[in-house]
Amino acid sequence: GGVTEEDSLHHITGDLVTVVVDDKENVRGFSSTIFGSPKEVLGSGSQEKGCYLQGATVSKEVWGSGVYKQMNELRILEGIKSKLPLVFTRTQNPRVEKGIVAVLEKFIKEKKIKDFQLTRTFVGGCYGTMLTKDEPVLDKSETGIAFGKLNFRAGDAYVLTFKITY
């Protein structure tokens, strides 16, 4: 992958940082969130304040356990409590988009929000390289097809902006 130590350190800072540890105190995941506008956080886009899902990862030992989903729920809920109009992130991974959509759909069912509208904005070469060792797995869904248009090795990504309706 193309993640430098500086990138890693940058992604573990923010307004809300969650660290998941197991019963032996081994770190199994983390997430970081910044509360600000896309203009403030990414240098372009809306000036509306939002919840920027800056970074998150979980170790292979806890894949499929729901830890990643729980971290997303926690940090998105913080933005919803403040009635922030946006949830946004930048990613090369379609699973990130699907995970955020799943949380927002859950929050609709729980009547925490009324609806959301997703906008994908292409950002060519923003990472300079592929962030992970392996390319993301792409399925035949609309999301998979959209992410299939990215040149991962060139560092292409999408900024995903979810406009929340309360």
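Quick summary incoming for the structure in this document. Since the model is a prediction, treat every value here as computed from it, not as a measurement.

All right, on to the sheet that holds strand β6 (residues 157-165) then. Read from one edge of the open sheet, six strands run β1-β2-β3-β4-β6-β5, paired in mixed fashion. The sheet is open, and its two borders are formed by β1 (16-21) and β5 (115-123), each paired with just one other strand. Strand-to-strand twist of the sheet, defined as the mean angle between neighbouring strand axes without regard to direction, takes the value 20°. As defined by bridge partners, β5 adjoins β6 across nine bridges and the pair is classed as antiparallel. By the bridge assignment for β6, F122 is matched with Y158. Its contacts with the sheet put helix α3 (residues 67-81) on β1, β2 (27-36), β3 (50-58) and β4 (86-91), and the angle it makes with β3 is roughly 165°. Where helix α4 (residues 94-109) meets the sheet, it contacts β3, β4, β5 and β6, and its direction lies at approximately 165° from that of β5.

With 16 residues, α4 extends 23 Å from end C-alpha to end C-alpha; this agrees with the ideal 22 Å at 1.5 Å per step. Summarising the contacts, the buried residues of α4 are in contact with β3, α3, β4, β5, α5 (142-147) and β6. Measuring from the side-chain oxygen of the N-cap residue of α4 to the backbone nitrogen of R95 gives 2.8 Å; that N-cap residue is N93. Following α4 by one or two positions, K111 adopts a phi angle in the positive range, close to 60°.

Moving on, we come to the nonpolar core. Ranked by internal contacts, the top residues of the largest apolar core, which has 23 residues, are I76, V87, I100, L104 and F162. Elements with a minimum of two residues in this core: β3, α3, α4, α5 and β6. Element by element, the count of residues in this core is highest for α4, at six residues. The contacts of I76, once residues within four sequence positions are left out, are C51, L53, V87, I100, V103, L104 and F107.

A word on the pattern of salt bridges. Where side chains of opposite charge bring their charged atoms close, a pairing between them can arise. Under the definition given, this model contains 12 salt bridges. We note a salt bridge from R120 to E97, for which the minimum N-O separation is 2.8 Å. With a gap of 23 residues between them, R120 in strand β5 and E97 in helix α4 connect regions that are remote in the sequence. Classification of R120 as partly exposed rests on a relative accessible area of 24%.

The rules behind each value
Residues numbered from 1 in each chain as written. Predicted model: local features only at pLDDT ≥ 70, side-chain atom pairs only at ≥ 80, totals over all residues. Heavy atoms only, no water. Pairing = 2+ DSSP bridges. Helix = DSSP H or I, 4+ residues; strand = E, 2+ residues; numbered from the N terminus. Axes fitted to C-alpha atoms, helices over the stretch in contact; angles between N-to-C directions. Contact = heavy atoms within 4.5 Å. Expected span 1.5 Å × (residues − 1). Polar contact = N/O pair within 3.5 Å; in protein donor to acceptor, adjacent residues only side chain to side chain. Core = buried A, V, L, I, M, F, W, Y, C linked by side-chain atoms within 4.5 Å. Buried < 20%, exposed > 50% of the residue type's maximum accessible area, 1.4 Å probe, protein only. Salt bridge = Lys/Arg side-chain N within 4 Å of Asp/Glu carboxyl O.

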